[in-house]
Amino acid sequence: MHSSPLSALSQIISSGISTIESTYATHGATFPSLDEPFRPPTFDDPGLLHPTQLVIAAAAQLIASLSHPASSILDGASAHYITSSLGVVADTNVAEVLREAGPQGLHIRDIGERCGTDSSKIGRVLRFLATLHIFREVSPDVFANNRISSIIDTGKTIEDIKARPLEKYDDTPGISALIGHFADEGIKSASYVLDSFRDTETLSSQDPLAAPFNRAFNAPMHFFEWCELPENELRFRRFGATMKDSISTVTPDTALAGLDWKSLKKDSLVVDVGGGIGSTTGVFAKAFPHLRFVIQDRSAVVAEGIQRWKQEYPEALIDNRVRFQEHNFFEPQPIKDASVFFLRFITHDWPTEYARKILKHLGDAALPTTKLVIMDNIVPYSVPGNSGTGASSVPYPLLANLGRVNFHSVRIDMHMMALHNSQERTVGQFQELVEGTGWKLESISTSSAGTMSSLVFAHISQ
Ligand SMILES: C[S@@+](CC[C@H](N)C(=O)[O-])C[C@H]1O[C@@H](n2cnc3c(N)ncnc32)[C@H](O)[C@@H]1O
């Protein structure tokens, strides 16, 4: 017999908090304050992850339970103001200015002056965000960075950003680039999702050029092609940088656990298909020096990738252990001796019919021993007791997908709909996707921290 949902949620929260605080105490640390800028933790204790996730899921469910439904629904319906406000502070470099100001913060008059914007309006934007715990209002009209807002900071000086605005996101962790992308291409495309639903021509379309993005920007081309137009140089560079943010998902318990990379023979060839500027290959090449890599992408991305690698990891290019190759993945795959075809965030960019074409070309070029590794978000069901991912069960009355904790996969699913008319997939949808392409699902490993997964497929010999 369960206690009431409210009591059950409150028990999950209090027992989780007590575990979290005692774990910190064991490491001689205290839990970081929301008022302080973010600093990487001084210790790594895997025992913290599960209680933290349960507390977050329970706290979000408690807020949903206790709030008046009108208040909850208006929070959702007006969420575009959060996106646009974050876009403004990222674009005007407020987090960088506040880092330089330190914990005492800065008056909106000075923020306006340093950021080259209107003091009164930026003050209202900052108060709106501070009310959501993003930034801290230290005294009336004086704002400082807190744990959340400090993440927007690129780490660059204002002078540096102003001198080279197109390079603002180069060599940054990528989160500020992602904010810029959501607050520009993301929100503009999202505002046309309703139109795409209403139009019978686009409602059930599988056409990648029939996305809300195409309406929003009046662009008769795919997002990736559009990014390469000369007037979109900042967007092109910014999108490349967003891929770096997600690199933290390439950890031993995701990509690396999916396949026994170490046991691949010396000089085995890994092809990073649609590998972008090589963010993932960068991690693999360092972890597995016995392997060779080819990063395939569109020509403009390949040129950008070579530039970056020349600066960051030139020895790998000089040895020819890593090389870039211009290749359109809708054409037959030129590499016929790959040990692994690796695709991160590729299948989610394309409607099923198109994603199948990509996989079929890889199937046609594979050896009997070649593996296909797809790294992507797997969408978990929100049904209590059944996430559909095989993840372990969660306590009553939490949602099987832990609600807020795994929000990212469904958020990116919406983003894929808006940008590319494509989608994230459930496990069942991945199985359907590979049918007839020459691959069969062998294993799935999902990161303990979320729904980012590596799906390993074996080649079906004809
Ligand atoms: C979401 S990004 C992922 C990049 C990389 N896999 C990563 O995880 O960092 C998708 C990539 O697909 C590339 N792409 C799009 N269309 C392509 C095509 N027809 N052939 C090859 N690459 C393509 C884009 O240029 C972009 O780099």
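Going by an unreviewed UniProt entry, the chain carries the name O-methyltransferase C-terminal domain-containing protein and comes from Piloderma croceum.

A. Representation of the packing of helix 4 (residues 80-91) against helix 7 (residues 119-131). For the pair helix 4 and helix 7, the least separation of the axes is 10 Å and the interaxial angle reads 125 degrees. With respect to helix 7, the axis of helix 4 lies oblique. Viewed along their axes, helix 4 and helix 7 form a crossing whose handedness is left-handed. Where helix 4 abuts helix 7, its residues Tyr81, Ser85, Val88 and Val89 lie against Val125, Phe128 and Leu129. Grouping the amino acids of the contact of helix 4 with helix 7 by side-chain chemistry returns six nonpolar, one polar and no charged.

B. Local environment of the domain arrangement of the chain. Taken domain by domain, the chain holds domain 1 (5-74), domain 2 (79-163) and domain 3 (250-408 + 423-459). Look at where the C-alpha atoms of domain 1 and domain 2 centre, and you get two points 26 Å apart. Taken together, the contact between domain 1 and domain 2 spans six residues of the former and seven residues of the latter. A breakdown of the residues in the side of domain 1 that touches domain 2 according to their chemical character gives four nonpolar, no polar and two charged.

C. Up close: unusual backbone geometry. Residue Pro397 is bonded to the preceding Tyr396 through a cis peptide linkage, with omega at 0 degrees. Examined against the element boundaries, Pro397 turns out to sit in the loop between strand 8 (371-377) and helix 20 (407-420). Even without glycine at this site, Phe135 takes up a positive phi of about 80 degrees. Although it is not a glycine, Asp141 sits at a positive phi angle of roughly 65 degrees.

D. Quick peek at the site of the ligand. Among the 17 residues in the neighbourhood of the ligand, the closest are listed as Met243, Gly274, Gly276, Arg344 and Phe345. When grouped by side-chain class, the residues that make up the shell around the ligand number seven nonpolar, six polar and four charged.

E. Local environment of the sheet that holds strand 10 (residues 452-459). With respect to topology, seven strands assemble into an open sheet ordered 6-5-4-7-8-10-9, the strand pairing being mixed. With partners counted over all chains shown, the strands left at the sheet margins are strand 6 (322-326) and strand 9 (439-446), one partner each. Taking the axes of each pair of neighbouring strands and ignoring which way they run, one obtains an average angle of 20 degrees across the sheet. Of the strands in this sheet, strand 5 (292-297) and strand 6 are in contact with helix 17 (residues 299-312), which crosses strand 6 at around 160 degrees.

F. Here's a closer look at the nonpolar core. Ranked by internal contacts, the top residues of the largest apolar core, which has 42 residues, are Val273, Phe341, Phe342 and Val373. If near-sequence neighbours (up to four positions away) are discounted, Val273 is found in contact with Gln296, Phe329, Phe341, Phe342, Leu343, Ile346 and Leu362. Core analysis: the second largest hydrophobic core is formed by 27 residues, Leu98, Val125, Leu129 and Ala241 among them.

Parameters at a glance
- Throughout this description, residue numbers start from 1 for each chain and increase along the sequence as written.
- A pLDDT threshold of at least 70 governs which residues receive local features in this predicted model, and a stricter bar of 80 or more applies before side-chain atom pairs are shown or counted, although totals over entire chains, interfaces and linings include all residues.
- To obtain an axis, a line is fitted to C-alpha atoms, over the contacting stretch when the element is a helix, and the angle between two such axes runs from 0 to 180 degrees between their N-to-C directions.
- Think of it this way: any DSSP run of H or I at least four residues long counts as a helix, any run of E at least two long counts as a strand, and we number them from the N terminus.
- Here the angle decides the label: under 35 degrees means roughly parallel, over 145 means roughly antiparallel, 65 to 115 means roughly perpendicular, and every other value means oblique.
- Each crossing gets its hand from how the near helix is turned against the far one by less than a right angle, where anticlockwise is left-handed and clockwise is right-handed.
- In this description, any two residues whose backbone-derived C-beta atoms lie within 7 Å of each other are considered to be in contact.
- Under the scheme applied here, ten amino acids are nonpolar (Ala, Val, Leu, Ile, Met, Phe, Trp, Tyr, Cys and Pro), four are charged (Asp, Glu, Lys and Arg), and all others, including Gly, are polar.
- Here the limits of each domain have been adopted from an automatic or database domain assignment.
- A molecule or strand has a residue near it when that residue's C-beta atom, placed from backbone coordinates, lies within 6 Å of it.
- Should DSSP find at least two bridges between two strands, the strands are taken to pair.
- One nonpolar core equals one set of buried Ala, Val, Leu, Ile, Met, Phe, Trp, Tyr and Cys residues connected by C-beta atoms within 7 Å.
- Counting other C-beta atoms within 10 Å of its own, a residue is labelled buried from 20 upward, exposed at 12 or fewer, and partly exposed in the gap between, with every C-beta atom placed from the backbone.

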